[in-house]
There are 2 protein chains.
Amino acid sequence: MSEINATMRGIGQTARAASRRLAASEAGARNAALRAIAERLRDDRAALETANEKDLAAGRGNGLDAALLDRLTLTDARIDAMADGLEQIAALPDPVGAVSHLDPMPSGIRVGRMRVPLGVVGIIYESRPNVTADAAALCLKSGNACVLRGGSEALHSNQAIAACIAAGLADAGLPETAVQVVRTTDRAAVGAMITLDEYIDVLVPRGGKGLIERIMREATVPMIKHLDGVCHCYVDADADPAMAERVVVNAKTQRYGTCNTLETLLVDASVAASLLPRFKAAFDAHGVELRGCERSRALVDGLTAAEPADWDAEYLAPILAVAVVDGLDAAIEHIDRHGSGHTDAIVTRDHARAQRFLREVDSSSVMVNASTRFADGFEYGLGAEIGISTDKLHARGPVGLEGLTTQKYIVLGEGHVRE
Amino acid sequence: MSEINATMRGIGQTARAASRRLAASEAGARNAALRAIAERLRDDRAALETANEKDLAAGRGNGLDAALLDRLTLTDARIDAMADGLEQIAALPDPVGAVSHLDPMPSGIRVGRMRVPLGVVGIIYESRPNVTADAAALCLKSGNACVLRGGSEALHSNQAIAACIAAGLADAGLPETAVQVVRTTDRAAVGAMITLDEYIDVLVPRGGKGLIERIMREATVPMIKHLDGVCHCYVDADADPAMAERVVVNAKTQRYGTCNTLETLLVDASVAASLLPRFKAAFDAHGVELRGCERSRALVDGLTAAEPADWDAEYLAPILAVAVVDGLDAAIEHIDRHGSGHTDAIVTRDHARAQRFLREVDSSSVMVNASTRFADGFEYGLGAEIGISTDKLHARGPVGLEGLTTQKYIVLGEGHVRE
């Protein structure tokens, strides 16, 4: 076994042991730890900023662009935001321990389900150091140990945050090994980590498509993940024109770089002639390039010709694909073929078509008369978000604390045996 | 692409297309199909028995043992039982379509979750032809298309059942491709099927450990599965002796070959001297061999010496490993090290220790004062069982219709946009 594999196995083993202690811990102790970590972060802001300056200097030396350097930077305000976030998570309801449906069965036993932590969560992420505190807090709140592997560009910042986390855990009498931040920048650490199925119960990769694809290919640990966000909005024949404009413009322009941003606009043929010029003017005002199908380009001037690849593109930029479709069935078929199962919306006043869209579009979020930008754990009232899943098993859509738990069956008898 | 890969891809594509139609179908149509299939099975019993006789003749020619030949045999009574099972599944509540928690959010949108089919389920199984009807029925009831790959020894029987299923689907106006029973006996079909992640949403492998291990190694489709059933019963210091005897004897002897059968008995040291002789006498009466640790062998005569491998053994036979442990912590530690996360029980009158056992033992079923043999979808009131999962993600423990579904978020707005 290589040294890095041995190191990662050791981390996995100690994480597994810590997960047993966390699963047996009281919610009060876990919340106390979260508050203690927040206090440590606030108290140690000078040390955090010194460590962060090392990462920034190295980043500048390595030619990181301004956007990346900005994401990497820890300011006083960002440190306060991290600490506040930990206290908000501490204040959320306890996601574990609840027993549901403890029902008597014909045999006389009572059977229920108890919500329990998953065990050990592995999180792989890039650049932004606040993820170290956020992800650790969500795992801790849900009674899970975690192994965190951040980007090498944030190494010193992440280790400084890890020191605050360890101190806060100790303050609350919880094992420091409950949160382990991998120290090595060796890329082989990721390969070792994602095959530790003996010790890690689930991976949450957060990062660009290249990272996710690599992990999908190599991981033996199950994942909570999404790969693409090719989100659609279908403007139905019965849409209110002003509402349709408001929704599609918000879905595209409120932020360009997020996975729930609109990437393809579908317009029913019966209203395309009246609506497309209106949409074109609105998007022009935002500097959004429209790439249209042949039918849409025949109805309005100034659209670039869409290539076949445009229907599957996640632009993450001020570009929008536009297609004219023949009604709801054609819209659903387009989404079925080109969508990524993330978030898709319909704008309509017609009840039956709204219900069919909700039922038949097979995506993690389906919406009626609302911007796709709402697909978010906070907007859905989850109180927190560890990521978004486009998988169908276990967790689907924005994943909050419940997605970091599982259920086990509990059976209560009085000496019952099976006949 | 090899011919078999092309065939399996074609099956996957048509299954995916059928799954869209099933997801949009009414529960009434799916239930009508289940009842029509039951009628076809009863009406076509002569054809089923003729096809089955071909399999039995081939099996006898290939030297299958009596137990396997028995499992393979379709009698009038077994055909009736298959048909009755389909009608019982038709009578269960509809597991899809329910919307829960449609709650208003601060932004004004309403957010809920809708229970929907997974899509396409792949089931790989051995010998017993009734699984073809059972598995198809559970998938159909839950709105899923399925691809079934049975054992080559049951080929003719499975195809005859498949013909009844296709006819029943057609009777109810549902696509015949909703249930596809793989015709080829080429083992490569399994390898092709378990990597069809583009078309199959989940695999449910049902069979021996060799089959499951192969699928675990090679599959890219996620699975609902269990590998081992190394079930424990811990007899606590405060156990009622008569209850303890009744529970452990039932857990071991009610059936030897099932995954929820007791394989290791743990006895608290403070009561081992009084209880072990009593247990020994009871197990002697059932012809069960006890393999004991050193401490247990010092307390009672006639125990075989346990080897280290005995603590991890799933005997599926009249053999039981016996260990004396020092209290609850040692019992939990033993289960943590040697258990398979399937089903573990405690016998005790002590409330606090019962609660700690329920909370801290990390298994799919944990029991107090009940036989491990109760770990079963029917005993848990699920109405049906597609399998048992010892995984933590998605479905854990006995898996009924709910395990064949997922949820999607639905968002209802009135033109809401994100600020």
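Look above for the structure.
Figured I'd write up the structure that's included with this text. (Residues numbered from 1 in each chain as written. Chains lettered and ligands numbered in written order. Predicted model: local features only at pLDDT ≥ 70, side-chain atom pairs only at ≥ 80, totals over all residues. Heavy atoms only, no water.)

### Section: helix 13 (residues 327-338) of chain A
Residue and element names in this part refer to chain A. With 12 residues, helix 13 should cover 16 Å at 1.5 Å per step; its first-to-last C-alpha distance of 17 Å lies within 8% of that length. All of the buried residues in helix 13 are Gly327, Leu328, Ala331, Ile332, His334, Ile335 and His338. Buried residues of helix 13 fall within an arc of 165° about the axis and therefore sit on the same side. Those residues of helix 13 that are buried are in contact with strand 7 (231-235), strand 8 (262-268), strand 11 (319-325), strand 12 (343-347) and helix 14 (351-360). (Helix = DSSP H or I, 4+ residues; strand = E, 2+ residues; numbered from the N terminus. Expected span 1.5 Å × (residues − 1). Buried < 20%, exposed > 50% of the residue type's maximum accessible area, 1.4 Å probe, protein only. Arc of directions from axis to C-beta. Contact = heavy atoms within 4.5 Å.)

### Observations regarding the sheet that holds strand 3 (residues 120-124) of chain B
All names here are of chain B. Taken together, the four strands give an open sheet; going across it, the order is 5-4-3-6, and neighbouring strands pair in parallel fashion. The two strands at the open ends of the sheet, each matched to only one other strand, are strand 5 (179-181) and strand 6 (202-205). This sheet shows a mean twist of 15° between the axes of neighbouring strands, independent of strand direction. With four bridges connecting them, strand 3 and strand 6 associate as parallel partners. Following the sheet pairing, Gly122 is matched in strand 6 by Leu203. (Pairing = 2+ DSSP bridges. Axes fitted to C-alpha atoms, helices over the stretch in contact; angles between N-to-C directions.)

### Focus on the relation of the copies chain A and chain B
Placing chain A over chain B gives an RMSD of 0.0 Å and needs a rotation angle of 180°, together with 0.0 Å of translation along the axis. On this basis, the relationship between the two copies can be described by a two-fold rotation axis. It is His394(A) whose C-alpha, among those of chain A, lies nearest the rotation axis, at 1.8 Å. (Least-squares fit on C-alpha atoms with pLDDT ≥ 70 in both.)

### Quick look at unusual backbone geometry
Of note, the phi angle at Asn369(B) is positive, near 55°, even though the residue is not glycine. Relative to the helices and strands, Asn369(B) resides in strand 13 (residues 365-370).

### Points about the packing of aromatic side chains
In total, this model carries two aromatic pairs over all chains according to the counting rule given. Pairing Tyr380(A) with Tyr409(B) gives two aromatic rings, centres 4.7 Å apart and planes at 40°, and the pair type is tilted. With Tyr380(A) in the loop between strand 13 (365-370) and strand 14 (387-389) and Tyr409(B) in strand 16 (residues 405-416), this pair bridges two chains. The burial state of Tyr380(A) is the same as that of Tyr409(B); both residues are buried. (Phe/Tyr/Trp six-rings, centres within 6.5 Å; stacked < 30°, edge-to-face > 60°.)

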